[in-house]
Amino acid sequence: MNFKFFSSGFYLEEDISWVDSLNKFSDDYISKAFENNKKNFINNKDFGLSHHSEPLTNDFNFNEFSKFILKRSFSLLENQGYCLKDYSLILNDLWVQEFSKEGGGNHNTHVHSNNHVSGFYFLKCSDKTSYPVFHDPRPGKLMNQLPEKNKKEITDASEKVPFLPKPGTFIFFNSYIEHEFVVDHGIDPFRFIHFNIQAIPKQLINGDFKKINDSKNNSSDSIF
């Protein structure tokens, strides 16, 4: 029998219904980010930059979108087997970004710490733009990594996995998974929304700190 253990969760969904409205709501944010980045232009050229907006969490135009991704994130964690009855999900981060029109935009491998679910919603992209690549999060496996038969195939041996999105693609994933965006060549526009979600104990949200401390002090396996 063949078993799979210690897998990481990804949830993909195609929904173009948000694309037009969120592009419209994002335009001013991208224009402002572009103006703020002008000091970083090379020889007056917009090359190698990511035009990153200010937080969108307080913009009511993104309220329904925020509710949607929170609901999806809750389902993802529950389906993975996590018990959330004593937790509430909060939207830590929500921003839109667009890579340089001159090309060169990219993000190095990174994680978003102190979060539980991260994700993207792609607004402008094509088969000629950048795309995300996810890295195996298990250091024990990477320490003993054997050569892959075929790096173009996604197998148990894969060290990293690319996803090729199109406008309307959602990707949700556990925040501990390292990811990057490959270098964009500036052929077509590349814009996407990024979000991070954290599960917070309801006791903290309700301000019941004494109850939390008491439970820690009475726990036999507490280190505090």
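Please read these numbers as outputs of a predicted model, since none were measured by experiment.

Enquirer: Hey, could you run me through a nonpolar patch on the surface in this one?
Expert: Taken together, Met 1, Phe 3, Phe 5 and Phe 6 make up a surface patch of nonpolar side chains, about 640 Å² in accessible area. Along the chain, Met 1 falls in the segment before strand 1 (10-14). We classify Met 1 as exposed; its relative accessible area is 92%.

Enquirer: What is the right way to look at the nonpolar core in this model?
Expert: Across soluble globular proteins, nonpolar side chains show a tendency to be buried alongside one another. In terms of nonpolar packing, the biggest core is built from 26 residues, with Leu 22, Phe 65, Ile 69, Leu 94, Tyr 121, Phe 170 and Ile 193 touching the most fellow members. Only helix 1 (19-37), helix 2 (63-79), strand 3 (87-99), strand 5 (117-124), strand 8 (169-174) and strand 10 (191-201) provide two or more residues apiece to this core. The element that contributes the greatest number of residues to this core is helix 2, accounting for 5 residues. Within the second largest apolar cluster, 13 residues are counted, among which are Phe 122, Phe 134, Phe 181 and Phe 192.

Enquirer: Sorry if this is basic, but what is going on with helix 1 here?
Expert: Residue pairs spaced three or four apart in an α-helix point in one direction, given the helix's 3.6 residues per turn. Of all bends in helix 1, the biggest is about 40 degrees, found at Ser 26. Every buried residue of helix 1 is listed here: Val 19, Leu 22, Asn 23, Ser 26, Tyr 29, Ile 30, Ala 33 and Asn 37. In the core, the buried residues of helix 1 are packed alongside strand 2 (50-52), helix 2, strand 3, strand 5 and strand 10.

Enquirer: Would you explain the pairing of strand 10 in this entry?
Expert: Note on strand geometry: in a regular strand, side chains alternate between the two faces of the sheet. By the criterion of burial, strand 10 is predominantly enclosed, with 10 of the 11 residues buried. Across 11 bridges, strand 3 lies against strand 10 in antiparallel orientation. Looking at the pairing, Val 96 lines up with Ile 193 of strand 10. Across 7 bridges, the pairing between strand 5 and strand 10 is antiparallel. Following the sheet pairing, Lys 124 is matched in strand 10 by Arg 191.

Conventions and cut-offs
Residues numbered from 1 in each chain as written. Predicted model: local features only at pLDDT ≥ 70, side-chain atom pairs only at ≥ 80, totals over all residues. Heavy atoms only, no water. Patch = residues over 30% accessible without salt bridge, like charges linked within 9 Å, V, L, I, M, F, W, Y side chains within 5 Å. Areas by Shrake-Rupley, 256 points an atom, 1.4 Å probe, with all protein chains shown as cover. Salt bridge = Lys/Arg side-chain N within 4 Å of Asp/Glu carboxyl O. Helix = DSSP H or I, 4+ residues; strand = E, 2+ residues; numbered from the N terminus. Buried < 20%, exposed > 50% of the residue type's maximum accessible area, 1.4 Å probe, protein only. Core = buried A, V, L, I, M, F, W, Y, C linked by side-chain atoms within 4.5 Å. Bend = angle between axes of the 7 residues up to and from the residue. Contact = heavy atoms within 4.5 Å. Pairing = 2+ DSSP bridges.

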